[in-house]
Amino acid sequence: MTELLTRDGTRLHYTDSDPAGSPERALVVLHGWSQSAAVFDRAAALLAPDRRVITLDHRNHGASGRSEGGARVATLAADLAELLEDLGLSSVHALGHSLGASVLWSYVDAHGTGRLASTTLVDQPSVCAILPWLDATEAAEAGAIVDFAGAEAFVAAMLTPEAEAARAAFLTSMLSPDLGQADRDWLLEQNLLLPMPYGAKLLNDHIMQDWRDVLPRIDVPTLVVGGEVSHVAPASQEWIAAQVPGARLRIFSREEGGSHFPFFEAPEVFCEELRGFLAEVDGTA
């Protein structure tokens, strides 16, 4: 167990498969809203023999410390910047899943890509809400999936006595029908580690972002991942891949674990794709 104390005194937990290894070309993994670094354990176990893997629990998630403030994607991006600086990582592969992809976009917006050798973006629309400046075509392309009334109701549900049921239903919508009950129960346990109202505030900030202008500025090799049975429309991932210069797209089928959690449902298939991509970037393929 390894920890970082942030600028505002928040304790961040992260795992490092090779803390004494080379600081170059580690893979840094950022999980999604209401999950934890542990959801990547299966994939990390497959990748770690060949690569240093660092998985971070966002503040208020997983084993990280709790903070009253910082319920913003930008705060999580600042936390990432501190982690890279603290570990002396000058060139890393960065993988963001769901909210984690938004954290990467926020990081690129504020800090550029100087420390990034590549990015892997797993199943996150560049816009979640149907914002007032989006016309119907733009909303469909970007994968905006909720209107303002729906967003308000969703966030508000996180603050009611029925919040656990709402969180369980949302999680179920992100999983394939093939996933076993034990895995579903474990993922819900990770979900419920996120306290409210922080979680609701962060969710609201996350939903209301528009990252489309950042995508063309990602000037490092990028892998965009989607799933045929994800609640995120695969077409939105195709659109992201078209906006990021030279991006590579991989849409996993249901048989390949193509839900919102492909690295959890079918880690062998996911890691084969990721390993090949990273090897190409590093010139070791």
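Above this note sits the structure.
What you see is a predicted model, and the numbers here were worked out from it, not measured in a lab.

**Here's the deal with the overall build of the protein chain**
Okay, so step 1: Assigned secondary structure in the protein chain consists of 11 helices and 8 strands.
Okay, so step 2: Its C-alpha atoms give the protein chain a radius of gyration of 17 Å, within 12% of the compact-globule value 19 Å for 285 residues.
Okay, so step 3: In terms of overall dimensions, the protein chain has C-alpha extents of about 50 × 40 × 40 Å along its principal axes.
Okay, so step 4: Expressed as a percentage of the 285 residues in the protein chain, the buried residues total 56%.
Okay, so step 5: Restricting the contact set of the protein chain to residue pairs at least 6 apart, pairs at least 24 apart contribute 77%.
Okay, so step 6: Surface accessibility of the protein chain: about 11200 Å² in total, with carbon and sulfur atoms responsible for 53%.
Okay, so step 7: Of the side-chain charges in the protein chain, 19 are positive and 40 negative, and the distance between the mean point of each set is 4 Å.

**What to know about unusual backbone geometry**
Okay, so step 1: With an omega of 10 degrees, the peptide bond running from Met196 to Pro197 counts as cis.
Okay, so step 2: By the element assignment, Pro197 lies in the loop between α7 (181-191) and α8 (198-207).
Okay, so step 3: Unlike most non-glycine residues, Ser34 shows phi in positive territory, near 65 degrees.
Okay, so step 4: Positive phi, close to 55 degrees, is recorded for Ser98, a residue that is not glycine.
Okay, so step 5: Within the secondary structure, Ser98 is located in the loop between β5 (92-97) and α3 (99-111).

**Concerning the pairing of strand β1 (residues 2-5)**
Okay, so step 1: Sheet analysis places β1 next to strand β2 (residues 11-16), joined by 4 bridges and oriented antiparallel. Its bridge partner lying in β2, Thr2 is registered against Tyr14.

**So, the sheet that holds strand β6 (residues 116-122)**
Okay, so step 1: Pairing in this open sheet of 8 strands is mixed, and the strands run β1-β2-β4-β3-β5-β6-β7-β8 from one edge to the other. Looking at which strands have only one partner, the edges of the open sheet turn out to be β1 and β8 (248-252). Between one strand axis and the next, the sheet turns through 20 degrees on average, direction left out of account.
Okay, so step 2: Relative to strand β4 (residues 53-56), β2 runs antiparallel, the two sharing 3 bridges. Note that in β4 the partner of Thr15 across the bridge is Thr55.
Okay, so step 3: Along the sheet face, α3 touches β3 (27-30), β5 and β6 and points at about 130 degrees away from the line of β5.

**A closer look at the packing of aromatic side chains**
Okay, so step 1: For the structure on display, the rule yields 8 aromatic pairs.
Okay, so step 2: What links up through ring pairs into an aromatic cluster is the set Phe40, Phe252, Phe261, Phe263 and Phe270.

**Re the side chain of Arg52**
Okay, so step 1: Here Arg52 lies in the loop between α1 (41-47) and β4.
Okay, so step 2: With a relative accessible area of 9%, Arg52 lands in the buried category.
Okay, so step 3: A polar atom in the side chain of Arg52 sits 3.2 Å from the backbone oxygen of Asp18.

**Looking at helix α11 (residues 267-282)**
Because an α-helix completes one turn every 3.6 residues, residues spaced three or four positions apart along the sequence face the same direction.
Okay, so step 1: Taking 1.5 Å per residue, 16 residues should reach 22 Å; α11 reaches 21 Å between its end C-alpha atoms and fits that length.
Okay, so step 2: Taken residue by residue, α11 has Pro267, Phe270, Cys271, Glu273, Leu274, Phe277, Leu278 and Ala279 as its buried positions.
Okay, so step 3: Downstream of α11 by a residue or two, Gly283 has a phi angle that is positive, lying close to 75 degrees.

**So, the pattern of salt bridges**
Okay, so step 1: Within the structure shown, the criterion is met by 18 salt bridges.
Okay, so step 2: For the salt bridge of Asp79 with Arg59, the shortest nitrogen-to-oxygen distance reads 2.8 Å. Placement of Asp79 in helix α2 (residues 73-87) and of Arg59 in the loop between β4 and α2 is noted, with a sequence separation of 20 residues between them. Just as Asp79 is buried, Arg59 falls in that class too.
Okay, so step 3: Arg115 is the salt-bridge partner of Glu85, the closest N and O atoms lying 2.4 Å from each other. Of this pair, Glu85 sits in helix α2 while Arg115 sits in the loop between α3 and β6, placing them 30 residues apart in sequence.
Okay, so step 4: Judged by relative accessible area, Glu85 falls into the exposed class, the value being 51%.
Okay, so step 5: Here Arg115 falls in the partly exposed class, since its relative accessible area comes to 25%.
Okay, so step 6: When salt bridges with common partners are traced through the structure, they connect Arg7, Asp8, Arg59, Asp79 and Glu82 into a single cluster.

About the criteria used
Residues numbered from 1 in each chain as written. Predicted model: local features only at pLDDT ≥ 70, side-chain atom pairs only at ≥ 80, totals over all residues. Heavy atoms only, no water. Helix = DSSP H or I, 4+ residues; strand = E, 2+ residues; numbered from the N terminus. Rg over C-alpha atoms; globule rule 2.2 N^0.38 Å. Buried < 20%, exposed > 50% of the residue type's maximum accessible area, 1.4 Å probe, protein only. Contact = heavy atoms within 4.5 Å. Areas by Shrake-Rupley, 256 points an atom, 1.4 Å probe, with all protein chains shown as cover. Lys, Arg positive; Asp, Glu negative; His and termini not counted. Charge placed at Lys NZ, Arg CZ, Asp CG, Glu CD. Pairing = 2+ DSSP bridges. Axes fitted to C-alpha atoms, helices over the stretch in contact; angles between N-to-C directions. Phe/Tyr/Trp six-rings, centres within 6.5 Å; stacked < 30°, edge-to-face > 60°. Polar contact = N/O pair within 3.5 Å; in protein donor to acceptor, adjacent residues only side chain to side chain. Expected span 1.5 Å × (residues − 1). Salt bridge = Lys/Arg side-chain N within 4 Å of Asp/Glu carboxyl O.

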